[in-house]
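Breakdown of the fold
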Amino acid sequence: MTHTLLRGAATVLTMDDGRRELAGKDIRLRGGTVAEIGPALRADGAEIVNAAGCLVTPGLVNTHHHLYQTLTRAVPAGQDALLFGWLRALYPIWARYTPEDVHLATLCGLGEVALSGCTTSSDHLYLFPNGARLDDTIDAALQVGLRFHPTRGAMSIGESAGGLPPDSLVEREEAILNDCLRVIDAFHDPAPGAMVRVGVAPCSPFSVSRELMRDAAILARDKGVRLHTHLAENDEDVAYSLATFGCRPGQYAEDLGWTGADVWHAHCVKLDRAEIGLFARSRTGVAHCPCSNCRLGSGIAPVRAMRDAGVPVGLGVDGSASNDRASLLAEARQALLLQRVSRGADALSAREALYVATRGGAEVLGRDDIGQIAPGYRADIAVWDVAGLESAGSWDPAALVLAGPGRVRDLFVEGRRIVSDGQLVTVDERTLATRAAHAVARLVDG
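Report on the accompanying structure. (Residues numbered from 1 in each chain as written. Predicted model: local features only at pLDDT ≥ 70, side-chain atom pairs only at ≥ 80, totals over all residues. Heavy atoms only, no water.)

Take the overall build of the protein chain next. Looking only at helices and strands, the protein chain features 14 helices and 17 strands. Scaling as 2.2 N^0.38, a compact globule of 446 residues should have a C-alpha radius of gyration of about 22 Å, and the protein chain matches this with 21 Å. Oriented by its inertia axes, the alpha-carbon framework of the protein chain measures out at about 65 × 45 × 40 Å. Taken across its 446 residues, the protein chain has 61% of its residues classed as buried. A separation threshold of at least 6 residues defines the contact pool for the protein chain, and within that pool the share at least 24 residues apart is 75%. Accessible surface, the protein chain as shown: approximately 16000 Å² in total, 52% of it carbon and sulfur. Taking the average location of the 44 positive side-chain charges in the protein chain and that of its 54 negative ones, the two points are 4 Å from each other. (Helix = DSSP H or I, 4+ residues; strand = E, 2+ residues; numbered from the N terminus. Rg over C-alpha atoms; globule rule 2.2 N^0.38 Å. Buried < 20%, exposed > 50% of the residue type's maximum accessible area, 1.4 Å probe, protein only. Contact = heavy atoms within 4.5 Å. Areas by Shrake-Rupley, 256 points an atom, 1.4 Å probe, with all protein chains shown as cover. Lys, Arg positive; Asp, Glu negative; His and termini not counted. Charge placed at Lys NZ, Arg CZ, Asp CG, Glu CD.)

With that settled, consider helix α11 (residues 328-343). Given 3.6 residues to a turn, an α-helix orients residues that are three or four positions apart in the same direction. Counted at 1.5 Å a residue, the expected span for α11 with its 16 residues is 22 Å, and the 22 Å between its end C-alpha atoms agrees. Buried residues of α11: Leu328, Leu329, Glu331, Ala332, Ala335, Leu336, Leu338 and Gln339, and no others. Following α11 by one or two positions, Gly344 adopts a phi angle in the positive range, close to 115°. (Expected span 1.5 Å × (residues − 1).)

If you walk through the whole model with that rule in mind, you get nine aromatic pairs. Measuring from ring centre to ring centre gives 6.1 Å for Tyr240 and Phe245, while their planes differ by 75°; the resulting arrangement is edge-to-face. Using a relative accessible area of 18% as the deciding quantity, one classes Phe245 as buried. A cation over a ring is seen here: Arg152 above Phe128, with NZ or CZ 4.1 Å from the ring centre. (Phe/Tyr/Trp six-rings, centres within 6.5 Å; stacked < 30°, edge-to-face > 60°. Lys NZ or Arg CZ within 6 Å of the ring centre and 35° of its normal.)

Below you can see the structure in the form of structure tokens.
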């Protein structure tokens, strides 16, 4: 059986339990896993990939995205607004989406994160205009070849009922729960090495009812899948929780069954000390999205305090409408910079930022089979060429987030090559960009 041998990597940043950094080693990928690591391994009929002069890391893990937003980057309306105003500006555009738009946006978004070294991505799709379904995103992920954690999101409280989204984008709660059951039964794979795992993800406390939050948690635990939503993203979010529910977001989540090792929340910028303690005790995960938090003026999440307390923390790019880019490596760098500007230059190291981007993300998504390079783990590998100008002069190539490069040279998912020599091989970048331009022109005309 054909397998792959990565030959002579300058440095292998394993992120294993010993945090080993290996020089001049080969890595054998066979049967979807890392089979062997060592010096001068025998070829044994393998496809040889020359990794001389390269840094090799585990594939990065994206714990929060809204892939459908890839067709709405840098929209002038709402470009300088806070969260709620930004959403109100963009909801009418998203309401015009077709299923083909959702599929195309997902192809583009997953291709983009792959080029940043990402091998596993979650997605939070919470609106389904004009017949769109979660199936559209899953099909796109299969085409690109990334490991995928789609979550069936939802909005059920529209403007007429005191919610934020327009009524045209909300669904009946019974229909939401029934479709959650459908997509879990159709696509969720709990097995080790799974390429698709489905989660349940009501959008946010300001767009669904308490009853839906409670029922979604019950359904997810009955089916053995994970739970995801937005929480404590900014001051507006906290004020809404206090005014509407009479409690802070952490208490709201706990009351409705939304804490535990099977739950992860996006953003959590405004968690206070008690909420951090709650998340640490319950092993509730957090998807930290630093670039989006900056773009929307939400604030600096207390990542240092969360990690010190033992809260599982991963990174997310968030939607391209609130980030405008989708690079996991850029998120790792921004996470490092924000903690340092908030807490001092020793608040977060480059290696810890990469840990959060790999093993941290794997833990948040409930994966014990990815996130490190070690025998028996899935063959999700990023190869970075550190011989170019972006890295020229760097004394520490393993400090990837400080010096670059920004684009991965080769990317393997389950041992299959997704990026080769800096180019996607599963989908055509130029064709996708052209199709995206046509879709945007139609949405602008609308």
